[in-house]
Amino acid sequence: MTQGKTGSSSPPGGAPKPGSQLDSMLGSLQSDLNKLGVATVAKGVCGACKKPIAGQVVTAMGKTWHPEHFVCTHCQEEIGSRNFFERDGQPYCEKDYHNLFSPRCYYCNGPILDKVVTALDRTWHPEHFFCAQCGAFFGPEGFHEKDGKAYCRKDYFDMFAPKCGGCARAILENYISALNTLWHPECFVCRECFTPFVNGSFFEHDGQPYCEVHYHERRGSLCSGCQKPITGRCITAMAKKFHPEHFVCAFCLKQLNKGTFKEQNDKPYCQNCFLKLFC
């Protein structure tokens, strides 16, 4: 546009350029005014075409311009009274300046015109920087990064933190490592009675921790007489297990041998007591 207005020659055999016609008209007008004794004083030299300015003038960037010559460097549209930006001594309309030079939002790729969030080595509109999982904006606790994405604290730990072997919730701070998994300290208890382990001593059955009593109960190694674990010699009778000293006659309480007892109502009796009571 600027070249068209400042050109002074016409193509051979073609119509004069509009810029040439305008310059000719202005020159004729100035000449006629001078002949009539009306002095015309130039208001400056146009920063674009370098010719004197006799009419309206635009003052910008320390220079004067014909209004039609003060145009955006990129789109060549006349700036007029609109806002403009200067870069490297050149004027740009607001739209082109932001499209060309403003930082871009990583989320929408649009230019950032006002406030900017800088995070993860990228720039964002404040309204476009949110949790990649739930879409919530980050509060005072900030965010956590994983694989180039930002997550709120809750989603980050729900998705990526190790899970407790007891409650399956995320482990955020202290933990106990046992049985090839991690546990909240309060969750590492007997899986049957939920009693904490004394001095950290526990028994494992099917990948779960148990106290001694419930470990032997699960394994079927509790004495049916005293309900305590059997760790040494064992007598199996009536589909139960006993300490040898606890396998006794239900009536006279004498110790029995595995092959020399009588069973009645799921209780063992010695030969004499069985005959007295049931024969």
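The text that follows walks through the structure, step by step, so that each part is easy to find. Since this is a predicted model, take the numbers as computed values, not measurements. (Residues numbered from 1 in each chain as written. Predicted model: local features only at pLDDT ≥ 70, side-chain atom pairs only at ≥ 80, totals over all residues. Heavy atoms only, no water.)

1. Considering the packing of aromatic side chains
The description of an aromatic ring pair uses the distance of the two centres, along with the angle that the planes make with each other.
Right, on to step 1. In the structure shown here, the tally under the stated rule is 24 aromatic pairs.
Right, on to step 2. Relative to Y97, the ring of F85 has its centre 4.5 Å away and its plane inclined at 10 degrees; by these criteria the two rings are stacked. Here F85 is found in strand β3 (residues 84-87), whereas its partner Y97 is found in helix α3 (residues 94-101), with 12 residues between them in sequence.
Right, on to step 3. Judged by relative accessible area, which is 26%, F85 ranks as partly exposed.
Right, on to step 4. Ring geometry for Y107 and F130: centres 5.2 Å apart, planes at 70 degrees, overall edge-to-face. Of the two residues, Y107 is situated in the loop between α3 and β5 (117-119) and F130 in the loop between β6 (122-124) and β7 (144-146); the sequence distance between them amounts to 23 residues.
Right, on to step 5. Among the aromatic residues, those joined into a cluster by ring pairs are Y106, W124, F129, F138 and F143.
Right, on to step 6. In this structure, R122 packs its charged tip against the face of Y106, placed 4.0 Å from the ring centre. (Phe/Tyr/Trp six-rings, centres within 6.5 Å; stacked < 30°, edge-to-face > 60°. Helix = DSSP H or I, 4+ residues; strand = E, 2+ residues; numbered from the N terminus. Buried < 20%, exposed > 50% of the residue type's maximum accessible area, 1.4 Å probe, protein only. Lys NZ or Arg CZ within 6 Å of the ring centre and 35° of its normal.)

2. Let's talk about the pairing of strand β4 (residues 90-93)
Right, on to step 1. As judged from the 4 bridges shared by β3 and β4, these two strands associate in the antiparallel manner. Bridging across to β4, R87 finds its partner in Q90.
Right, on to step 2. Connecting the antiparallel pair β3 and β4 is a turn made up of 2 residues, with D88 showing a positive phi of about 55 degrees. (Pairing = 2+ DSSP bridges.)

3. Comments concerning helix α5 (residues 212-219)
Right, on to step 1. Listed as buried for α5 are H214, Y215 and H216.
Right, on to step 2. Those residues of α5 that are buried lie in contact with β11 (203-205) and β12 (208-210).
Right, on to step 3. Positive phi appears at G220, one or two residues downstream of α5, with a value of about 75 degrees. (Contact = heavy atoms within 4.5 Å.)

4. Some thoughts on the nonpolar core
Right, on to step 1. Within the largest apolar cluster, 14 residues are counted, with the highest numbers of intra-cluster contacts made by A237, F242, F247, C249, L256, F261 and C270.
Right, on to step 2. Put simply, the parts of the chain that give this core at least two residues each are β13 (235-237) and α6 (271-278).
Right, on to step 3. Beyond its immediate chain neighbours, meaning those up to four positions away, F247 contacts I235, A237, F242, K254, Q255, L256, N257, K258, F261 and P268.
Right, on to step 4. Within the second largest apolar cluster, 11 residues are counted, among which are C164, I171, W183 and C187. (Core = buried A, V, L, I, M, F, W, Y, C linked by side-chain atoms within 4.5 Å.)

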